[in-house]
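# Tertiary structure, described
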Amino acid sequence: MNDYNENNNEQNGYNPPNNNAGGAPNNDNNTTYHYSYKNNNNQNENGNSNYQQNNSNQYYTPPQNDNINNNIKYDKNGNPIEKKKKNKTIITIVLVLAICIVVAVIGLFVGVNSKSNKNDKNNAPSSQVETENQNEVQKTDSKGNYTVAGIAENCIDSCVGITVYAQENNYSNFYGYGSNSSQDKGDSYKSGEGSGIIMLEDNGKTYILTCAHVISEGSTFKVTLNDGKKYDASMVGFDSQTDIGVISINATGLKVAKFANSDSTVVGEQVVAIGCPGGIEFMNSVTSGYVSALARPISSKIGYNTECIQIDAAINPGNSGGALFNMSGQIIGVNSSKIASTEYEGMGFAVPSNTAIATANSLIKSGYVEGRPKVGITYKNIKAYSNSEAIISALGKLGYKDAEGAMVINSIEADSDLANKDVKEYDMIVSVNGTVLTSTDILTSVLSKSKPGDTVKLTMARIENNEIKTFDVECKLIESKGN
């Protein structure tokens, strides 16, 4: 934008020119009059020049009078020469001709411009841009596999949205005041939303497969179908170790999904994810991508690793529990998590369908995952204690280096084999089968490869009289019937 301002010339370094500078003198104050020079060749006998009014050889100074028109001319005798009167008739004719010429020019301009506009209109395009009918979107390829549009059209009705409601207490958990009795329970409130898959219809019920972390904190649920119909749902069960959960609705005749053997999944395979990123508002959004990797160990919230399918299809909060389809329209995984960080993009994970279906079938049948072993304790990680560094250092000197995964026992279940051993509260598990617990994943990994009835060797550490002593115990694993 120009900084020049008429009212701010000096501030902007702009000075208007002086109208008189270098110009003609002001006629009012400094008028220069020019006198005519006349030769005087006649002299008197004495050699003196004679000044005669009618002599042609003389200097003549016209009378100086401010009221005299400077344009007056004089003859040789000094008499003013009278101007010839202009012929008013000629002037009038000239003016009329001039006006006629001007009018003619204007008329010519208007006529040409009008003709030009008319020509422009005559030359304007006779047609306008119109949309065309696009070619039909292909739903299958030459090999009979679905395209992404084909998956969306044929499989989306198997995908649902889940709204989770939690029960609030009127007084409980408010800085320790109030009671925890059921009489004090208030209304339920919406605590979260996620995705689900119609997996099975049986005995008048339809079972919905989802993630454990979607439903684990809920008390009641509502399922929204792709056509917008809503159903109240009930909890069947969930397993935090695999992050798989199941709820059910009283409905039949819905579109049940097909599941593939996830062991046949290959890296580079195209996949389609359907779910509710951001919740029900964006229900059944479709994204696509490829399988980036297989058997990625992803830790659950309770410390167990589940080998997952890594994908680059967009996964966002709300997609949890949603379907991951192959291009045959079969589900190969349940979308469960992503790496949420500004340093990462396109790294989502899905629980393989083989793991998900095995867990869900067991939850429907027994309410828990059958055949899963456990030690039968509750514990805290050593790092939760303020003196953990000193204890870890002392364990290192005893040969258990970097035992940062040591488990400090809080309680021992009555049916645990450790209840019959010399093990008590605050004892620490520092090694399993000879491997130091540099992470709690060491023990969970051993358990995931074992079954109830198997025996493991645990190395325990106990602090007495400010000294640490260690001892080994044999522990027979029991079946886990819950999370």
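Predicted, not measured: the structure shown is a model, and the values here were computed from it.

We now examine the overall build of the chain. From N to C terminus, the chain includes six helices and 20 strands. Relative to its full complement of 483 residues, the chain shows a buried share of 34%. Here the contacts in the chain between residues at least 6 apart in sequence split such that 60% fall between residues at least 24 apart. Just so you have it, the chain exposes about 30,800 Å², and 46% of that area is on carbon and sulfur atoms.

A separate point is the side chain of S362. Mapping S362 onto the fold places it in helix 4 (residues 353-366). We classify S362 as buried; its relative accessible area is 8%. Within the local environment of S362, its side chain forms a polar contact with the backbone oxygen of Y368, the two atoms lying 2.7 Å apart. Look past the residues within four positions of S362 in its chain and what remains in contact with it is G367, Y368, V369 and E370.

The subject of this paragraph is the pairing of strand 7 (residues 270-275). With five of six residues buried, strand 7 lies mostly within the body of the structure. Across six bridges, the pairing between strand 7 and strand 8 (residues 285-299) is antiparallel. Across the sheet, the residue bridging to A273 is T287, located in strand 8. Note that strand 7 and strand 10 (residues 323-325) share three bridges and pair antiparallel. Its bridge partner being in strand 10, A273 is matched across the sheet by L324.

Only a minority of non-glycine residues have a phi that is not negative, and only a minority of peptide bonds are not trans. A positive phi angle, close to 80 degrees, is found at Y426, a residue other than glycine. Residue Y426 is classed as exposed on the basis of its relative accessible area, which comes to 53%. Not every positive phi belongs to a glycine, and N465 is a case in point at roughly 50 degrees. Assignment of secondary structure puts N465 in the loop between strand 18 (455-464) and strand 19 (467-476).

The next point concerns the sheet that holds strand 11 (residues 331-338). If you trace the six strands once around the closed barrel, you get 7-8-9-12-11-10, paired in antiparallel fashion. The mean angle between the axes of side-by-side strands here comes to 50 degrees, regardless of whether they run parallel or antiparallel. Where strand 10 and strand 11 come together, three bridges link them in antiparallel fashion. Within strand 11, the position partnered with L324 by the bridge is G333. Sheet strands in contact with helix 2 (residues 148-155) are strand 7, strand 8 and strand 10, and its direction is about 40 degrees off that of strand 7. Against the sheet, helix 4 makes contact with strand 11 and strand 12 (348-352), and its axis sits at roughly 50 degrees relative to strand 12, the strand it touches most.

All of the buried residues along helix 2 are G150, I151 and C155. For helix 2, the arc enclosing every buried residue in end-on projection is 100 degrees, short of the 170-degree limit, so these residues lie on one face.

In this model, the chain carries a mean pLDDT of 80, and residues with pLDDT of at least 70 account for 72%. Note on residues 1-69: pLDDT under 50 across the span, and 47 contacts to partners over four residues away in sequence or across chains.

With respect to the helices and strands, the residue V291 is situated in strand 8. V291 sits 58 residues away from F349 along the chain, and the two C-alpha atoms are 9.6 Å apart. Filtering out sequence-adjacent residues up to four positions away, V291 remains in contact with T265, V266, V267, G268, E269, V271, I309, Q310 and I311.

Tallying each qualifying case throughout the model produces eleven salt bridges. A salt bridge links E153 to K139; the nearest nitrogen and oxygen atoms lie 2.6 Å apart. Of the two residues, E153 sits in helix 2 while K139 sits in the loop between helix 1 (88-123) and helix 2, which places them 14 residues apart along the sequence. One salt bridge connects R462 with D427, and the closest N-O pair in it is separated by 2.8 Å. Highlighted residues: R462 in strand 18 and D427 in the loop between strand 15 (407-412) and strand 16 (428-432), separated in sequence by 35 residues. Across this residue pair, the class does not change: R462 and D427 are buried. Where salt bridges share partners, they join D422, D427 and R462 into one cluster.

Parameters and conventions
Here the residue numbers are simple positions, counted from 1 along each chain's written sequence. Predicted model: local features are reported for residues with pLDDT of at least 70 only, side-chain atom pairs are reported and counted for 80 or more only, and whole-chain, interface and lining totals are derived from all residues. Only hydrogens and water are removed before side-chain values are computed, so all heavy atoms of the structure are retained for them. Strands here mean DSSP runs of E at least two residues long; helices mean DSSP runs of H or I at least four residues long; both are numbered from the N terminus. Relative accessibility decides the category of a residue: with a 1.4 Å probe and only protein chains considered, values under 20% of the type maximum give buried, values over 50% give exposed, and everything between is partly exposed. Working rule for contacts: check all heavy atoms of both residues, and any pair within 4.5 Å makes them a contact. Values of accessible area rely on a 1.4 Å probe in the Shrake-Rupley scheme; residue burial ignores everything except the protein chains shown. N or O atoms closer than or at 3.5 Å make up a polar contact, with two conditions inside protein: a donor-capable atom paired with an acceptor-capable one, and, for residues adjacent in sequence, both atoms drawn from side chains. Whether two strands pair depends on DSSP finding at least two bridges between them. Every axis corresponds to a line fitted to the C-alpha atoms, with the helix fit spanning only the stretch in contact, and the corresponding angles, defined between N-to-C directions, vary from 0 to 180 degrees. What the arc covers is the set of directions going from the helix axis to the C-beta atoms. pLDDT is defined as a per-residue confidence score from the predictor, taking values between 0 and 100. Counted as salt bridges are all cases of a side-chain nitrogen of Lys or Arg within 4 Å of a carboxyl oxygen of Asp or Glu.

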